[in-house]
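One letter stands for each residue in the lines below.
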Amino acid sequence: MTTRFFGAPVKRNEDRKLLTGRALFIDDVELPGLLHAAFLRSQVAHARINSIDVSEALKRPGVVAVYTAEDLGPYWRPGPLLVPPPPIPGIVFNTRTHVPLAKDTIRCAGEPIAIVVAESRYIAEDALDDIAVDLEILPAVVDLEQALEKGSTCVHADLGNNVAAHVRQAKGDYKRAAAKAHLTLKRRFRYEHGISSPIETRGVVAQWDERAEHMTVWDTTQAPVFVRNVLAGALGLGEGQVRVIAPFVGGGFGPKIMMLYPEEATLPWMAMRLNRPIKWIEDRFEHFVATTHERGQIHDAEIALDKDGRILGVKDVFLHDNGAYNPYGLTVPINSQCTLLGPYVIPAYDSTFTSVFTNLTIVTPYRGAGRQHGVFVIERLLDLAAHELGIDPAEIRRRNLIPKDAFPYKNEIIYQDFAPLEYDSGNYEPVLDKALAAIGYESFIREEQPKLRAQGRHVGISIACYVEGTGIGPYEGAKVQVRTNGKVSVATGVGTQGQGHFTSFAQIVADQLGVDVTDVDIVTGDTDRFYWGAGTFASRGAVVAGNAVNEASLAVRKKALKFASDAFECAEEDLVLADGKVSIAGIPEKFIRLGELAQRANPMRGAVKPGTEPGLESTQYFGPPSGATANGVHAMIVEIDPETFDLQIRKYVVVHDCGTVINPMILEGQIHGGVAQGIGNAFFEKLSFDEHGQLLNASLADYLLPTSLDVPRMVLDHTVTPSPLNPLGIKGAGEAGAIPVGPLFAQAIEDALQLKKSGIELLEIPLSPSRVFELIGEGRKT
Amino acid sequence: MPDEAHEIALHDIALKVNGTSYKGSIEARMLLSDFLRHELKLAGTHVGCEHGVCGACTVLLDGAPVRSCLMFAVQAQGRELATIEGLASASGDLSPLQAAMHEHHGLQCGYCTPGILMTMTAFLREHHEPSEDEVREALSGNLCRCTGYQNIVDAVLKAAETLRAAAP
Amino acid sequence: MFRRSLPADAWGLLLTCPTSRQIIDDVAFAKRARMLCRPARTMKPAPFKYIAASSLDQALALKAEYGDEARFLAGGQSLIPAMNFRLARPAVLIDINPLSELAGIDRSDGETIRVGAVTRYRALERDTAFLNVCPLFADALPHIAHPQIRNRGTIGGNLSHADPASELPAVATAMQARMKIRSSQGERELAASEFFIDLLTTCLEPGEMLVEIAFPASPLRSGSCFMEVARRRGDFALAGVAAIVSLDEDGQFAEVRLALCGVGETPVDVSDAAASLIGQRCTDQALKAVAAEVQGTISPSGNVHASADYQRHIAGVLTRRALASAHERVGHA
C-alpha cells in the first residue's frame, strides 16, 4: 500500500461547509410544527419538594404542555449505571443514578423540576416563572471532608452517609519501601479541574412519526449508538424504530457523552405524547449547572525515595468530588489513581480514594478525565523531592523513567477499561531530551535566567511528564462502500465534535483504495447509517474507529483486487490500485475503474454465493484488547510581574508520542486545543461555589476561558513509538495537551518567584495572581 | 401568575443582509441573533452565550462587528448587516480569510468560526499589515475552545498577506 | 434610572457574581412569586413594550410617564445581557439610539469638551483630536470589553450603569467631569462625584436622562495615565487607577487627581491621598507614601477573582505606577 495521504497534513474535507455557515448544528434543525421546551431548574442545591403548581403556567397563551415527574408515570425512573465499577477487590460502590425530573428531592442546583413546552422558547421561559414550587430547603453538602464527618447531611438519605465509593489499589509493599527510604515527603494537594464549556452548548430535537412509529432524535451526543439503545429500551421501541443523529457538534470534550441527560430522556417521551417535534437548546446559564462537570480532589500523598531520587514508592489517599449522582461510575478517580504512576518506575504503590456524594452537579470525564489530578500529585512530589535532594527537576525525572526495554510495562492495578494497567509501548527518554532541547533548558538555567534575574526580572522554567491511557475498547465498526461513480462512502458509529474524522478516516481509506481523499465521504454519528459502536471519548476515535475503517478498507481492497484479477485473469500481485482504478502493473492502459468494479460486483444475473456479499463493500469491527499508552513532556518558561503576580508565558513546548500519526496537522490542532484548556484549568477557570452549593460565577463573564491573548504560540515536536495493539500502530492524542499543565504552572511560578527559598510551595490548582499573592502572604506568616 | 397582559405588539422591520432585502414582523424582544437564524433562516451565525462574551454571534452592522445577541432585531430596522453567508463570492470562491482558515487548520468544530470570520474580516479591512500581537488583540473578543488560537492567528496573517498582494 | 432594593427574605441566596448583580426592577414580582426558590433564571428577555424615540422631548415625556417601569436603551451592552438573564425586566424600553443630537463631541469651547451621552466608545477611540485633549481616554478605552462591544456601547450608558469596576466612571471622577441631566421638567448639572452614589446606582431620578458629559481640557504641564489589572483583556478591573498630574514651573507636583475603579461601591476619589505630593518632586519614596495612603483609604470587598487584600495590594501598585507614568508624560503631549 502506497501512502499518499496517511501521515500527511491533509487539509480538511469538512471545512468548506463550516466556513460558509452551511454545516448543520443542532439549533439549525427546523421542522414543521416545532415546539420548544424550557426546563425549570432548581436554584437550590438540596431540598425536599413539597408541591409543584403548574396551573398558572398552563393558562399562558402559547404554552402547549407542562410536565413534572408525576406526569412521567412509569417512564420516570433512575437512569442506568453507564459504567459499572471495575472488578477491584474490596471495592465499595453505592449506585445512585440521576432521574429525569426531580420527584421528592432535589440534590443539586440545576436539577430539573418541570418542563414547559410552548410555541417558542421565549414563551416557554415566560411560563417557567408561572410555576410555583414549594420547597423545604435542606443544608447542602459541599465540602468533601465535612461530607464524610459523622452527622453530616446526607445527599442520599437512604444511604446514611456520603460515600459514593471507596477503592484501594496497591502493588508492591509501600510500608517496606518507606522504611528503606532516604527521604519521604508528604503533602496535601488540592486539584480542581473545571467545566468543558464548549462554545456550543447541548441540545436535543425529538420527532415522533406516529404513522411510521419511528422516532428521530438529533442530539449533541458523543455516543449516538448508546443513546439510541437506551432510549429505545426506555420508550418501549425496537432499536430499529429509533434513529439518533449527532449532527455537527460544536465541541464535546467529554460531558456530551454522559447519558441519558434528563433532556435526552424527556424530549422523545414528550414528542410521542404531543405528536409534534420538540426542540430544547441549552442556554449558557443552564450549561453551568445542567451539563456535567469535573471538579476537585484532595490528595494526602507521600513519596519515598532513595538518595539518588529514585522512587521507592508512593502512597496516596484522596477524596474525589462525585457530585449528586454517579451514573458514570468511577472513570475519573480511577484515571487519577492510575495516571499518577506516570512514565515512572514506581515499585510500590498504595492508593486509596473515597468518592464523595455532594449536592453539586454530577462529575463525569472532561478532557483528561481525572488524569490531571494524578499527574499533579506525582509531578509536584518529584519537584519537591528534587529540591530537597539538590537534584535538577529534569534529572530526577530522567532517573525514574521506565526504560525502553521494559515494555509492555505492567503496572498491575486496574484501569478504567477494567483490565490491569499495562503500557503497551514507549520510549520516554528521547521525548524528555527533545523537550529539554526545545525549551533550551540548560542554557536557560545556566545563562538566561541568571542574566534576567540580575536585571530584576522574574522568570521561571518548568517541565512535566505524563502518560495517557488511550484507545480503549470495547470496539468500533466501519462500513466502507465503493459507489458506482467511483467515490467511496464510509460510515462509522462514533460522533465528531471537531476532531477531523471526516478527513483522517478518509485518509486511511484513500490510501487503501487508491482514491483521492476528497472522494471519500464519511458519515459519523447517525445510527441509521451505522448500527454498532460506543462513542467518541477517552482519546479513542482515531485508534479504534480509525482501525475499524482500516480493516473495512482492507477488506474492500482485497475484494477489488480479487474482482480485477478475475476480470484480467492475472494474479493479484500483478495489479496496482491507484487513482481510482485497478490496472496491471506496467500496463497502465489495462485498467478497470473502481466504480465499474462496484457495478460488476452487483450482478443483475448470475449468483452471489453465501458467505459473500454483493457490491464492493465491507463492514469490519476493531476492538483492542486494552488501551494504548501515549506519553509526552511539556515545558514552559514564564515571566511574572512580582507586584501583580500576573504572568506571561514566554515559551511553551510540547513533545508528544502518540504512535503512528494519521494527520499531523490535525494532531497539532488537538495539542494546541488541549494546552489551551490546560492553561484555562491551571490559571483562569475556577468554579466558585458558596456553602449553599450555589455557583457564584455562572456566566462566561466570570468563568474565565482563555482568549487569544492568554494562549501562547507553542513549539511542538513528536516521536513515534507505534502501538503493538493495533495494525496501524496508533495511540490516542485528544487529551494529551490538557493533562500536565497544572504542575507546569506551579513549578514555573515557584521558580520565577524563587518561592522554595522562602519555603512557600504551590500545592493547588487553579492558581491565579490573587491566589499566588495570598499563598505568599500565608507562607510569610508561618 | 402570567405577567400583566400587554398585547404582544409585533414590529415590522425591513433590513438588508448580505445585500439582500428582508422583511419581518416580530416581537420587540426577539434578539437579532434569533431573528437571523430562525426568521431569516440564515443559521450560519451561531449563538454561544447570549450575554455578549463568546463572540460566536458576531455580525457586521454597517461594516462594524457587533454581538447580534446584544441587539434586538427591531434595532436593525433599515440597517445593513453582513453575515458569514455573504463572505464567499456568488460563484462560491472562498474569501481570502476563509481560504486561509482552511489552509492553516484554523477551525476544528467550527462553532466559533462564524464570529471569528466576521470580526477578522472587518479587522483586515482596516489593518493591512498587522503584527501577531495586533491580530491576537483583535481576536481576543472571540472565544474558541478547540484550536488554542495559534492556527487562527496564522490564518489571519496569511489572509493579510494575500490581500496585500492582491491590492492594486 | 431606578433604585435598587432587595427584599431580604425572597433573595436569601443572593447571587454575588459581580457582573450579574440583582438588577430587579419588578420588586412586586418577588412578593407575588410565593416561591422559596427564586424565579427561574433563564436566557431570553421577558416581554416589553418597545418605543423608538423620535425626539429627546418625546423620550423624556415617556420616561416621565412610565418612571421606573421604563429604561432607556442606548448601546445596550450592559442592559441587554441583564435582560437576557432576566435580571432586568423593564416593562418599557425607550430606544434613544435614533437621537443623533445626543451623540457627538463638541470642542467649540476650548476649555471644555462636551460629549453627547449616546456617543459610542468607537467614535471616541477613533477621534484623535478628542484623545489628545482627553488622554485618559486613550489609556482607558482599550480596556473596555472588546471592539464588538465598543462599536455599540455608549459613554452615557456606561456612566448611567455605574458599575464601579468599569473604567469610565473613574476617569470621569478623576477629570472632575460635569454631568448634564435632563428630564421633562428641566435640566440640571452636577459633578461626577455627586453622580455616582452607590453600587450600580446614580442620582438619576426616574424621569431623568444623562444627556451630556463635559470634560475640562487638560491643564498646562499635565500628564495622565490610566492603568488597571484585570484577569483577561477587556474584563472588569480588579482595580484600576486614573491619575492626572500637573506640575509647576519648577517641575514639582502642583495638582494631583486620583480616582480608582473596582475597589468600592462607586469610583473612589482618592485625590486627597496624594496631597503629600503637592510641592514635591517625583521620587519613588513619595509615590510609595501615596500608594500606602491610598491602600489605607479604600475598602475593597473582594470577589470571585480576587481577594480584598489582593485588590488593596494592586491598588497601591497601580497608584505608584500610574502616578509615575503620568508624571513622565508631562510635556510630551
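Residues numbered from 1 in each chain as written. Chains lettered and ligands numbered in written order. Predicted model: local features only at pLDDT ≥ 70, side-chain atom pairs only at ≥ 80, totals over all residues.

Peer 1: Give a detailed account of the packing of helix H4 (residues 132-139) of chain B against helix H5 (residues 150-166) of chain B, specifying residues and quantitative values.
Peer 2: Residues and elements named next belong to chain B. Contact geometry for H4 and H5: axes closest at 10 Å, N-to-C directions at 115 degrees. Between H4 and H5 lies a crossing whose hand is right-handed. In this structure, H4 uses Glu132, Val135, Arg136 and Leu139 to contact H5, whose residues at the interface are Ile152, Val153, Val156 and Leu157. A class-by-class count of the residues in the contact of H4 with H5 yields six nonpolar, no polar and two charged. (Axes fitted to C-alpha atoms, helices over the stretch in contact; angles between N-to-C directions. Helix = DSSP H or I, 4+ residues; strand = E, 2+ residues; numbered from the N terminus. Left-handed = near helix turned anticlockwise from the far one by under 90°. Contact = placed C-beta atoms within 7 Å. Nonpolar A, V, L, I, M, F, W, Y, C, P; charged D, E, K, R; others polar.)

Peer 1: Account for the domain arrangement of chain A, naming residues and giving values.
Peer 2: All names here are of chain A. Looking at chain A, the domain boundaries give domain 1 (15-20 + 473-622), domain 2 (31-138 + 196-290) and domain 3 (296-472 + 625-781). Here the C-alpha centroids of domain 1 and domain 2 sit 38 Å apart. Between domain 1 and domain 2, the residue contacts involve 15 residues of the former and 17 residues of the latter. Tallied by class, the residues present in the side of domain 1 that touches domain 2 amount to three nonpolar, 10 polar and two charged. (Domains from an automatic or database assignment.)

Peer 1: Tell me about the domain arrangement of chain C, and please be specific about residues and values.
Peer 2: Residues and elements named next belong to chain C. Domain parsing of chain C yields domain 1 (102-216) and domain 2 (222-329). The distance between the C-alpha centroids of domain 1 and domain 2 comes to 21 Å. Counting from both sides, the interface comprises 24 residues of domain 1 and, opposite them, 22 residues of domain 2. Listing elements by their share of the side of domain 1 that touches domain 2, those giving two or more residues are helix H6 (135-140), helix H9 (167-174) and strand E8 (196-198). Tallying contributions element by element places H9 first for the side of domain 1 that touches domain 2, with six residues.

Peer 1: Outline the packing of helix H2 (residues 96-103) of chain B against H5 of chain B, supporting the account with residue identities and numerical values.
Peer 2: All names here are of chain B. Where H2 contacts H5, the two axes come as close as 8 Å, and the packing angle between them is 135 degrees. Regarding the angle of H2 to H5, the classification is oblique. For the pair H2 and H5, the crossing hand works out as right-handed. Seen from H2, the contacting residues are Pro96, Leu97, Ala100, Met101 and Glu103; seen from H5, they are Ala155, Val156, Lys158, Ala159, Thr162 and Leu163. Here the contact of H2 with H5 is built from residues that sort into eight nonpolar, one polar and two charged. (Parallel < 35°, antiparallel > 145°, perpendicular 65-115°, else oblique.)

Peer 1: Go over the sheet that holds strand E8 (residues 163-171) of chain A, please, and point to the residues and values.
Peer 2: All names here are of chain A. Spatially, the seven strands line up as an open sheet ordered E4-E8-E16-E15-E14-E9-E30, and their pairing is mixed. At either margin of the open sheet sits one strand with a lone partner, and together these are strand E4 (92-93) and strand E30 (764-765). Judged from the 10 bridges that link them, strand E9 (residues 183-192) and strand E14 (residues 296-305) form a sheet pairing that is antiparallel. Its bridge partner lying in E14, Arg188 is registered against Asp300. (Pairing = 2+ DSSP bridges.)

Peer 1: How would you summarise the interface of chain B and chain A if you had to cite specific residues and measurements?
Peer 2: At the interface, 45 residues of chain B touch 46 residues of chain A. Secondary-structure elements contributing two or more residues to the side of chain B that touches chain A are H2, helix H3 (113-126), H4 and H5 of chain B. If one sorts the elements of the side of chain B that touches chain A by residue count, H2 of chain B sits on top with four residues. In the side of chain B that touches chain A, the residues fall into 23 nonpolar, 14 polar and eight charged.

Peer 1: Quick one: what's the story with helix H19 (residues 741-752) of chain A, residue by residue and with numbers?
Peer 2: Residues and elements named next belong to chain A. For H19, spanning 12 residues, the distance from its first C-alpha to its last is 16 Å, which sits close to the expected 16 Å at 1.5 Å a residue. Among the 12 residues in H19, 12 count as buried, and that is most of the element. The set of residues buried in H19 consists of Val741, Gly742, Pro743, Leu744, Phe745, Ala746, Gln747, Ala748, Ile749, Glu750, Asp751 and Ala752. In the segment just after H19, Gln754 is the residue with positive phi, at about 50 degrees. (Expected span 1.5 Å × (residues − 1). Buried ≥ 20, exposed ≤ 12 C-beta atoms within 10 Å, placed from the backbone.)

Peer 1: For the environment of Tyr475 of chain A, give the residues involved together with the corresponding values.
Peer 2: All names here are of chain A. Structurally, Tyr475 is set in the loop between strand E19 (458-470) and strand E20 (476-482). Using a count of 16 C-beta atoms within 10 Å as the deciding quantity, one classes Tyr475 as partly exposed. Excluding its chain neighbours within four sequence positions, the residues that come into contact with Tyr475 are Ala534, Val544, Tyr621, Phe622 and Gly623.

Peer 1: Break down helix H8 (residues 262-274) of chain A for me, with residues and values.
Peer 2: Residues and elements named next belong to chain A. Counted at 1.5 Å a residue, the expected span for H8 with its 13 residues is 18 Å, and the 18 Å between its end C-alpha atoms agrees. Of all the 13 residues making up H8, 10 are buried; the element is thus mostly covered by neighbouring parts of the structure. Within H8, burial applies to Pro262, Glu263, Glu264, Ala265, Thr266, Leu267, Pro268, Trp269, Met270 and Ala271. Phi for Asn275, located one or two positions after H8, is positive at around 55 degrees.

Peer 1: An account of the sheet that holds strand E7 (residues 186-191) of chain C is requested, with residue identities and associated values reported.
Peer 2: Residues and elements named next belong to chain C. One open sheet accounts for five strands, arranged E4-E5-E10-E6-E7; its pairing is antiparallel. Taken across any chain shown, the strands that pair with only one partner, and hence form the sheet edges, are strand E4 (105-106) and E7. Inspection of the sheet shows strand E6 (residues 178-183) paired to strand E10 (residues 209-216) by five bridges, in the antiparallel sense. Opposite Lys180, over in E10, you have Glu212 as the bridge partner.

Peer 1: Give a description of the pairing of strand E3 (residues 92-95) of chain C that names residues and reports values.
Peer 2: All names here are of chain C. Burial of the side chains of E3 extends over both faces: Val92 and Ile94 are buried on one face and Leu93 and Asp95 on the other. Pairing geometry for strand E1 (residues 49-52) and E3, over four bridges, is parallel. Residue Ala52 lies in a different strand from E3, and its bridge partner there is Asp95. Of the strand pairs in this sheet, strand E2 (residues 70-73) and E3 are connected by four bridges, and their pairing is parallel. Each bridged residue has a counterpart across the sheet, and for Ala70 the counterpart in E3 is Val92. A crossover links E2 with its parallel partner E3, the connecting element being helix H3 (residues 79-84), and its sense is right-handed. (Right-handed = clockwise from strand over helix to strand, strands pointing away.)

Peer 1: Any details on the interface of chain B and chain C? Residues and values, ideally.
Peer 2: Every contact between the two is made by 26 residues of chain B and, on the other side, 24 residues of chain C. Among the elements that line the side of chain B that touches chain C, the one with the most residues is strand E4 (residues 64-67) of chain B, at four residues. Here the side of chain B that touches chain C is built from residues that sort into 11 nonpolar, 10 polar and five charged.

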